[in-house]
Amino acid sequence: MKRAIALVAAMFLANAVSAETVAELHEKELNAIDANNDGFLSKDEFNAFSDYAFQEMDDDKNGTLGLDEAKPFLDIKQFQQVDRNKDSLISRAEYDAQMNLDFNAADQDGNSQLD
């Protein structure tokens, strides 16, 4: 599951997601995220996984991601991009906003699922 977190978080937070990128996820990792096993990532499934991923990355459970916590998943440029207020922390609101933007960008047909 840690590998799935790394792959999905890095892809989405890096603004590099497309339907093709999601298709490249290893089948086992996709199945871990695809709760209803339909082969698609719905917005609800994505949000549930995104919540889980944030909680797993937040080692000290303070509701923010410091650079050290995010480092296994994001490079410094990605971290700075998500840290919109430049306080050297990614708040839950910043994380959620970025993940939402990235999901919507990847959902090219607007059907609230990635296939």
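This is a predicted model, so every value here is computed, not measured.

1. A word on the nonpolar core
In terms of nonpolar packing, the biggest core is built from 19 residues, with Ala53, Met57, Leu65, Leu74, Ile90, Tyr95 and Leu114 touching the most fellow members. For this core, the secondary structure elements donating two or more residues are helix H4 (43-57), helix H6 (76-82) and helix H7 (92-106). Per element, the largest residue contribution to this core is 5 residues, and it comes from H4.

2. A few points about the side chain of glutamate 69
In this structure, glutamate 69 sits in helix H5 (residues 67-70). There is a polar contact of 3.1 Å between the side chain of glutamate 69 and the backbone nitrogen of aspartate 60. Here the side chain of glutamate 69 touches glycine 66 through a polar contact of 2.8 Å, landing on its backbone nitrogen. Ignoring sequence-local partners within four residues, the contact set of glutamate 69 consists of Met57, Asp58, Asp59, Asp60 and Thr64.

3. Some points on the side chain of glutamine 78
The topology assignment puts glutamine 78 in helix H6. Residue glutamine 78 is classed as buried on the basis of its relative accessible area of 15%. Polar contacts involving the side chain of glutamine 78 include one to the main-chain amide nitrogen of aspartate 75, which spans 2.8 Å.

4. Focus on the environment of aspartate 109
For aspartate 109, the location among the structural elements is in the loop between H7 and strand S4 (113-114). Among the residues examined, aspartate 109 registers a relative accessible area of 54% and is labelled exposed.

5. Notes on H7
Over its 15 residues, H7 extends 21 Å from the first C-alpha to the last, a length consistent with the 21 Å expected when each residue adds 1.5 Å. Within H7 the residues assigned to the buried category are Glu94, Tyr95, Gln98, Met99, Asp102, Phe103 and Ala106. Buried residues along H7 cover an arc of 160° about the axis, so they all sit on one side.

Rules of the game
- Residues numbered from 1 in each chain as written.
- Predicted model: local features only at pLDDT ≥ 70, side-chain atom pairs only at ≥ 80, totals over all residues.
- Heavy atoms only, no water.
- Core = buried A, V, L, I, M, F, W, Y, C linked by side-chain atoms within 4.5 Å.
- Buried < 20%, exposed > 50% of the residue type's maximum accessible area, 1.4 Å probe, protein only.
- Helix = DSSP H or I, 4+ residues; strand = E, 2+ residues; numbered from the N terminus.
- Polar contact = N/O pair within 3.5 Å; in protein donor to acceptor, adjacent residues only side chain to side chain.
- Contact = heavy atoms within 4.5 Å.
- Expected span 1.5 Å × (residues − 1).
- Arc of directions from axis to C-beta.

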